Protein chains: 4
Amino acid sequence: MNSPDWSHRSFTAPFTATGRSALVPAPPWHYAGWLLNVAFRFDADAGVPLVPPAAGRPVGTGCVHFADWQACTNGHELLDPVLAQYRETIVVLEIERPGGDRGMYCPAIWVDQDISLLRGMLQGWPKKMGSTWLTRSLPLEHPAAAPLRAGTRLGASLAVKDRRVFDAQAELTGRPGRPLGFLAHPTLGAVGWPDLRQPDRLPDILLVKPDIAGRVGGDWHEASASLQHTLHPGEDIGLLGPLVAEDASAGWLGLTVTGARDA
Amino acid sequence: MNSPDWSHRSFTAPFTATGRSALVPAPPWHYAGWLLNVAFRFDADAGVPLVPPAAGRPVGTGCVHFADWQACTNGHELLDPVLAQYRETIVVLEIERPGGDRGMYCPAIWVDQDISLLRGMLQGWPKKMGSTWLTRSLPLEHPAAAPLRAGTRLGASLAVKDRRVFDAQAELTGRPGRPLGFLAHPTLGAVGWPDLRQPDRLPDILLVKPDIAGRVGGDWHEASASLQHTLHPGEDIGLLGPLVAEDASAGWLGLTVTGARDA
Amino acid sequence: MNSPDWSHRSFTAPFTATGRSALVPAPPWHYAGWLLNVAFRFDADAGVPLVPPAAGRPVGTGCVHFADWQACTNGHELLDPVLAQYRETIVVLEIERPGGDRGMYCPAIWVDQDISLLRGMLQGWPKKMGSTWLTRSLPLEHPAAAPLRAGTRLGASLAVKDRRVFDAQAELTGRPGRPLGFLAHPTLGAVGWPDLRQPDRLPDILLVKPDIAGRVGGDWHEASASLQHTLHPGEDIGLLGPLVAEDASAGWLGLTVTGARDA
Amino acid sequence: MNSPDWSHRSFTAPFTATGRSALVPAPPWHYAGWLLNVAFRFDADAGVPLVPPAAGRPVGTGCVHFADWQACTNGHELLDPVLAQYRETIVVLEIERPGGDRGMYCPAIWVDQDISLLRGMLQGWPKKMGSTWLTRSLPLEHPAAAPLRAGTRLGASLAVKDRRVFDAQAELTGRPGRPLGFLAHPTLGAVGWPDLRQPDRLPDILLVKPDIAGRVGGDWHEASASLQHTLHPGEDIGLLGPLVAEDASAGWLGLTVTGARDA
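Source: prediction; values computed, not measured.

A.B. asks: What's the story with the overall build of chain A in this structure? I'm lost.
C.D. replies: If you tally the helices and strands in chain A, you get 1 helix and 12 strands. Taken against the 2.2 N^0.38 rule, which gives 18 Å for 263 residues, the C-alpha radius of gyration of chain A at 19 Å falls within 12% of a compact globule. Its C-alpha atoms put chain A at 65 × 45 × 35 Å along the principal axes. Looking at the 263 residues of chain A, the share that counts as buried comes to 65%. Contacts in chain A between residues at least 24 apart in sequence constitute 66% of all its contacts with a sequence separation of at least 6. Surface accessibility of chain A: about 8,600 Å² in total, with carbon and sulfur atoms responsible for 51%. When the 23 basic and 27 acidic side-chain charges of chain A are each reduced to a single mean position, those positions are 1 Å apart.

A.B. asks: Hey, could you run me through the relation of the copies chain C and chain D in this one?
C.D. replies: Mapping between the two chain copies consists of a rotation about an axis together with a translation along that axis. When chain C is fitted to chain D, the residual RMSD is 0.0 Å, and the transformation amounts to a turn of 180 degrees plus an axial shift of 0.0 Å. Both chain copies can therefore be described as sitting about a two-fold axis. Mapped onto chain D, 100% of the interface residues of chain C are again interface residues, and the two copies thus contact each other with one and the same surface.

A.B. asks: Help me understand the interface of chain A and chain B, please; the structure alone is not making it clear to me.
C.D. replies: In many reports, interface size means the accessible area that the parts give up when they come together. Counting residues at the interface gives 73 residues for chain A, matched by 73 residues for chain B. Taking both partners together, chain A and chain B bury about 6,100 Å²; carbon and sulfur atoms supply 66% of that area. When the area that chain A buries against chain B is broken down by residue, the three leading residues are Lys161(A), Leu196(A) and Arg197(A), summing to 13%. Notably, a salt bridge pairs Asp236(B) with Arg20(A), separated by 3.1 Å at the nearest N-O pair.

A.B. asks: Sorry, what's going on with the pattern of salt bridges here?
C.D. replies: Any two side chains of opposite charge can pair, so long as their charged atoms come close to each other. This structure, assessed with the given rule, holds 84 salt bridges over all chains. Between Arg164(C) and Asp167(C) there is a salt bridge, with its nearest N and O atoms 2.5 Å apart. Judged by its relative accessible area of 7%, Arg164(C) is buried. A single salt-bridge network, built from bridges that share partners, covers Asp68(A), Arg136(A), Asp68(D) and Arg136(D).

A.B. asks: How should I be thinking about the interface of chain C and chain D in this particular structure?
C.D. replies: In this complex, chain C contributes 73 residues to the contact, which on the side of chain D involves 73 residues. Of the roughly 6,100 Å² buried between chain C and chain D, counting both surfaces, carbon and sulfur atoms make up 66%. It is Lys161(C), Leu196(C) and Arg197(C) in chain C that bury the most area against chain D; as a group they hold 12% of the surface buried on that side. Between chain C and chain D we count 8 salt bridges in total. The interface formed by chain C and chain D includes 28 residue pairs in polar contact (both at pLDDT 80 or more). Looking at the side of chain C that touches chain D, the elements with two or more residues in it are β4 (102-111), α1 (114-122), β5 (127-129), β9 (187-191), β10 (206-217) and β12 (244-262) of chain C.

A.B. asks: Teacher, can you tell me more about the packing of aromatic side chains here?
C.D. replies: Given two aromatic rings, one states the distance between the centres and the angle between the planes to describe the pair. Scanning the model with the defined rule gives 26 aromatic pairs over all chains in all. Geometrically, the ring pair formed by Trp125(A) and Phe182(A) is edge-to-face, given 6.1 Å between the ring centres and 80 degrees between the ring planes. Linking Trp125(A) in the loop between α1 (114-123) and β5 (127-129) with Phe182(A) in the loop between β8 (163-176) and β9 (187-191), this pair joins segments that are 57 residues apart in sequence. Note on accessibility: Trp125(A) and Phe182(A) belong to one class, buried. Judged by centre distance (6.4 Å) and plane angle (65 degrees), the ring pair of Trp110(D) and Phe166(D) falls under edge-to-face. Taken together, the positions of Trp110(D) in strand β4 (residues 102-111) and Phe166(D) in strand β8 (residues 163-176) put the pair 56 residues apart, joining distant regions of the chain. For Trp110(D), a relative accessible area of 1% gives the class buried.

Reading the values: rules and limits
- Residues numbered from 1 in each chain as written.
- Chains lettered and ligands numbered in written order.
- Predicted model: local features only at pLDDT ≥ 70, side-chain atom pairs only at ≥ 80, totals over all residues.
- Heavy atoms only, no water.
- Helix = DSSP H or I, 4+ residues; strand = E, 2+ residues; numbered from the N terminus.
- Rg over C-alpha atoms; globule rule 2.2 N^0.38 Å.
- Buried < 20%, exposed > 50% of the residue type's maximum accessible area, 1.4 Å probe, protein only.
- Contact = heavy atoms within 4.5 Å.
- Areas by Shrake-Rupley, 256 points an atom, 1.4 Å probe, with all protein chains shown as cover.
- Lys, Arg positive; Asp, Glu negative; His and termini not counted.
- Charge placed at Lys NZ, Arg CZ, Asp CG, Glu CD.
- Least-squares fit on C-alpha atoms with pLDDT ≥ 70 in both.
- Buried area = accessible area lost by both parts, 1.4 Å probe.
- Salt bridge = Lys/Arg side-chain N within 4 Å of Asp/Glu carboxyl O.
- Polar contact = N/O pair within 3.5 Å; in protein donor to acceptor, adjacent residues only side chain to side chain.
- Phe/Tyr/Trp six-rings, centres within 6.5 Å; stacked < 30°, edge-to-face > 60°.

Okay, here's the thing in structure tokens:
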């Protein structure tokens, strides 16, 4: 489609000869952040409408991750951090894959920056915009610092289109925590793009799994937690019914995504 | 990929059995809005890096549209207008198509809502997030109303990642205005999605043209205008060099998009 | 406090010798906007905690105004409209003044721009930040335009700190509407500033009434409306109990505030 | 002004019988955060228009602080962190007080939450809204984590009304840093509120100094830094002329404000 002397150099739109404007540069993508993870139990059957059978079958456990990220490619984003920082809320459901293995599947995720929104969609994280807030642990003994020790309380929330969807409160127990949600199992996502030339046709979806390199951190701090979910007219997550918080943890995580593979 | 008894009903991610969560529902998409259009001249050669040769060749004219939209599908969005309203700044460049026809090509556009961001990408509008402000004409004679009559002054601005990119000031002349930019010629866009399974490969792009039905409005009001462009480290639009405002108009427009076709 | 050769020229902080940085310039303040007004009934006694007795006593009627404003002083704001435009949600309660007159009192209002926030506080409008959305009527016959005629449906919402507080839906009847809320009676507000040198002392409050000049518009369009209120942990408005929508109108309004007086 | 059986319990507006809605609760106010501090030199005379003579006289040094705060009163804000977290950019200028002592004076500060905006004004911090971004150091060895060690690079920016005002880049040296700006000297601010009943009269200003208790942290990490300032049409800070970065540091700080006193 391009002439010999002109080819675009953009990983994503806009497609220009320099590639500089592309919303998302090519991987590797480096992510480091602070997470509050709240594992929950729900009626496994209720999760079926949210998980393509080719991915697997919900087993009745899942996790909400509230994350405060810093991400970059070659590092220039850390010098202009509006390009690097974002917050997001991730829901993953544990599944039994068709072959019997366990995995996680992401049916819903909300973020607050465009770069992350499209970068996620490419990985099968079905991102939409949402407003996430998340208490941070600062290395200080002070009433506003929420330091990492037994008894510290943390909160988190998600709002989508000006409606609260999740509220979580957690209290650190002082014990080591478990890796929960996408930290425990490889996570699958579904990628698909409709073709407007056939507007009546829904897109085929492709199940992929990110290639992750260089994961660091993971000293999770156990917490007891409560989780409130409020129905939202534009979200299917309410189909899960009551979400019962079972376990929680908080901590820092770093990882690098280099691509994806069929899942 | 889906089992017989489960198929997703989502036009875009997330892909669920209800389709309710999909960020973008299927067309038709109805748009109505208030626009300030500033036509500009630039060095035609400078536009080459921004326009795929298969689309055509820049001829040295273009337009910045500042738009304050209301959009809906079946109308429910107008009852919860956080779903309907957004502002955007659109740049289009006039091109000579390979066969000699004139058209417009959109190399850059910035919007402030996720629904519009993805909906635009599907149509070949390479949307990223940006903050657009645009004085509105209210049907009042009052110092703050900017009524539609000779002498009224309007302003508009775009910021991307916290940096001003465009500033425009216009003064209504009291004369009818011309349709400018995408109002004058069919507009092409480039659609393409990278495949993370091949992260080193840039996406093929497809040139499409939206199918537009039911256009209303278009009583444009002529304005004299100035346009300031400030270089942005993440945007290629600066390659165009100086943009000289040549004509401007303001007014209301309604249109409906039903799909797209090859362009 | 200032030396003879240096006096600040700021109406509000910061206080500098030029006054240019002041968040709010001195009046006159010109406002023009589009409003959806929903009058409601409630238990008059329930409003007592929200209205200082010196202002008056609630009579059991009130109004929520959803407003999409453009405001300016000398007009420069209309050329850089991030300085001019904002949306807000206003609650006013009808009161019987100590002397028997009727008036309105504003116990709660939420806005999305800092200039308006402080400018309102100075007038006794107790503004906090909130996110207001409001369907606009555009002068087009189009599914997304919500034109001003019988049968058109409009929506509005308020969220405060990421929680929905109000949702309204309205349908234009095609008949003229009544002036409601602050459009019907002069509105009082309470002004007060604590002195941090006495942090245990609550501020004295002063009841004021804006001086309004040059009101234009007011061709209100009647609507039937519903109003939903959701309790918010940081707001007292829930003390009013159920709010029953009784009347509604939409239209444009322009007015100018030149100062205030004791009320 | 209030009747015996009704007194408002609000520290700030709105003034209600419960006080629950008040934008700012009474102190003590606890703050904990991550800061990047860039000390600069400028022409001392150029600072005179920004500093009331009663406060003192600029000596030609100052500091820009980029801060990512968590703040609370009784701690409930940490469980709903939209109430606790905000970012701000603080400019302070070193002054020689009339009696010869050194102090700091704050002529400009921009924040992104309403609670902090008003809370700051009460302390003489002349806050307006602005968008601050600030790279954070996470306790991980990862390309996106910006860990606290020699060679790590950090960035920060401020935008006001969609225009960049400050950009800073810093590189940690691995050496201990100095307390800079408001960390080095007590900081004065000017408090004043116009009275709309006399709209032609500018407010008297009162110089105050916060009462600070319980300061913790302060293990500053030295950095080399550059600072870019871009003129803004609505800000006086440009009067300072060129700002030459001289020193920089980053680290965590906690402090508690209990009130203020005359300065």
